[in-house]
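# Structure at a glance
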Amino acid sequence: MPAPERANPNEKIRVLAVAGARPNFMKIAPLMHEFKARSDRFDPTLVHTGQHYDQAMSDSFFRDLGIPEPDVNLGVGSGSHAVQTAQVLMKIEELLIEQRPHVVLVVGDVNSTLAATLAAIKLHIPVAHVEAGLRSWDRDMPEELNRILTDSVSHWLFTTEAVAAENLAREGVSQEKVHFVGNVMIDTLLTHREQAKKLGTARRLGLETNRYAVLTLHRPSNVDSPEQLRRLFEVLGKLNQELPVVFPAHPRTTNAIEQHLGGFKPDLHMSGPLGYLDFLSLMTDAQMVLTDSGGIQEETTALGVPCLTLRDSTERPVTVSEGTNTIVGTDPSEIEKAIEKLRAAPATKQRQPALWDGNAAARIVDILEKDLGNS
Ligand code: UD1
């Protein structure tokens, strides 16, 4: 791979930053703020692919996190994986040819991340991948394929935990490209923690601090099978009898309930998706969080709130070894046992993973400035 082209002394470093789906927005936010703070050296363009497009899945995050309006929205919307990826590829290629950025910055592992990466490297524009090197070792997950493919062609691989560098080394990625910088999503959490606490979302919903659980579910492994979905709701409904379970449902899950269990109403405190600040506020005061999300495993570790992950694997093992996370699998009877165990003896472990200190975005932008600038 050729070395990235450096900006000449009279021009700013042109960064094309890409965000597409809900878990991208909290990662791109601190990076955009950092570029803005260095506007004498950087000229950023924010591209929203439009993978997520609802007010609840997208717009409210821009508002809550103070992210500037995207310069460009590609408006790709929903579709099969191939259609969604292809739409981003085609539309972003035109933009890249027009703008010729010095670097394309992508975050996370969604379809938009991979599509933007592919379009860029085919035009010989180097890619910086934030949250590189995470591996669940489960290639049935679309995100795992997106991670492997994005990492294999990126110039800069910015990692959140130590194991990521080992994973990348095993795949033959040169260690010169790998930079352990910390976690941009935790930058965002630390910036908004106090503001979220003041919202008192639990109280507003009539819940008492430490007397409720929060649930999120959207992975195909949990919601695409009617039988799995029905059994999960049985176990979680039982928990709800003793400890209210708040369940802000992802549109994918609402659709799955409608489609697979037509008319069934889970015995839970179910709502639509929440905004960033309300959800952070709810997690902060919860007794436990149950989830199949990737990012929430990290956020609960940063908050010191016990998390049961309803998946068979995690790509974020530091949340288990140092944080508050337990991987309990997808078998409802095992989930029930894990809930009982946690309720009987709440975990007290609360160490912060290395470099989850609120300064990850600054470290990333320092490295880009050093490698691409002329000073
Ligand atoms: C995507 C990401 C996943 C991430 C998740 C978080 C990939 C492969 N997956 O999965 O890693 O954890 O986002 O939300 O990129 N929908 C709406 N409104 C929206 C967006 C989606 O109603 O604003 C509905 C549509 O019916 C759509 C479905 O949700 O078909 C799924 O959306 P999609 O972006 O394809 O994937 P997610 O399952 O959300």
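### A few points about the site of the ligand
Residues in close proximity to the ligand total 20 residues, the closest being Y53, N111, E143, H250 and R252. Residue H250 places a side-chain N or O atom 2.8 Å away from an oxygen atom belonging to the ligand. The side chain of N255 places a nitrogen or oxygen atom 3.1 Å from an oxygen atom of the ligand. Against a free-state accessible area of 740 Å², the protein chains account for coverage of 84% of the ligand. Of all the secondary structure elements, the ones that give two or more residues to the shell around the ligand are α3 (81-99), α5 (142-153) and α11 (251-261). Examining the composition of the shell around the ligand, we find that three residues originate from one element, α11, more than from any other.

### Focus: the pattern of salt bridges
Taken as a whole and judged by the stated rule, the model has 27 salt bridges. A salt bridge links R14 to E11; the nearest nitrogen and oxygen atoms lie 3.1 Å apart. Overall, R14 belongs to the partly exposed group, its relative accessible area being 25%. The salt bridge involving R231 is made with D331; its shortest N-O contact spans 3.7 Å. Residue R231 is found in helix α10 (residues 226-242), and its partner D331 is found in the loop between β13 (325-327) and α15 (332-344); the two are separated by 100 residues along the sequence. Assessed through its relative accessible area of 32%, R231 is described here as partly exposed. When salt bridges that share partners are traced, they join K27, D109, E131, E144, R147, E298, R311, E315 and R316 into one network.

### Some details on the sheet that holds strand β8 (residues 213-216)
If you walk across this open sheet you meet the six strands as β10-β9-β8-β11-β12-β13, and the pairing is parallel. Of all the strands in the sheet, the pair left with one neighbour each is β10 (269-271) and β13. Direction aside, neighbouring strands of the sheet carry axes that sit 20° apart on average. Bridge analysis of strand β12 (residues 307-309) against β13 gives three bridges, and the strand direction is parallel.

### Notes on the domain arrangement of the protein
Each assigned domain of the protein is listed with its residue range as follows: domain 1 (13-182 + 356-372) and domain 2 (192-344). Tallying the contact residues gives 23 residues for domain 1 and 19 residues for domain 2. Here domain 1 meets domain 2 over a buried area of about 1,700 Å², counting both sides, of which 60% is carbon and sulfur. Of all residues in domain 1, D64, E161 and W356 give up the largest surface area on contact with domain 2, accounting jointly for 30% of the area buried on that side. Remark: the boundary between domain 1 and domain 2 carries three salt bridges. Where E315 meets R147, a salt bridge forms, and the shortest distance between an N and an O atom there is 3.5 Å. One can count five residue pairs in polar contact (both at pLDDT 80 or more) joining domain 1 with domain 2.

### Some details on the pairing of strand β5 (residues 127-130)
Across the two faces of β5 the burial is the same, with V127 and H129 and A128 and V130 all buried. Across four bridges, strand β4 (residues 103-107) lies against β5 in parallel orientation. What sits directly across from V106, in β5, is H129. One crossover worth recording links β4 to the parallel β5 by way of helix α4 (residues 111-122), and it is right-handed. Inspection of the sheet shows β5 paired to strand β6 (residues 156-159) by three bridges, in the parallel sense. Bridge assignment links A128 to a residue of β6, and that residue is W156. Tracing the backbone out of β5, into α5 and back to the parallel element β6 gives a crossover that is right-handed.

### A short note on the pairing of strand β1 (residues 13-19)
Counting buried positions along β1 gives six out of seven residues, so the element sits mostly inside the fold. In this sheet, strand β2 (residues 42-48) lies alongside β1 in parallel orientation, the contact comprising seven bridges. Bridge pairing in β2 links A17 to L46. For the crossover from β1 across helix α1 (residues 22-37) to β2, the handedness is right-handed. As paired elements, β1 and β4 share four bridges and run parallel to each other. Its bridge partner lying in β4, V15 is registered against V103.

What counts and what doesn't
Residues numbered from 1 in each chain as written. Predicted model: local features only at pLDDT ≥ 70, side-chain atom pairs only at ≥ 80, totals over all residues. Heavy atoms only, no water. Near = heavy atom within 4 Å. Polar contact = N/O pair within 3.5 Å; in protein donor to acceptor, adjacent residues only side chain to side chain. Areas by Shrake-Rupley, 256 points an atom, 1.4 Å probe, with all protein chains shown as cover. Helix = DSSP H or I, 4+ residues; strand = E, 2+ residues; numbered from the N terminus. Salt bridge = Lys/Arg side-chain N within 4 Å of Asp/Glu carboxyl O. Buried < 20%, exposed > 50% of the residue type's maximum accessible area, 1.4 Å probe, protein only. Pairing = 2+ DSSP bridges. Axes fitted to C-alpha atoms, helices over the stretch in contact; angles between N-to-C directions. Domains from an automatic or database assignment. Contact = heavy atoms within 4.5 Å. Buried area = accessible area lost by both parts, 1.4 Å probe. Right-handed = clockwise from strand over helix to strand, strands pointing away.

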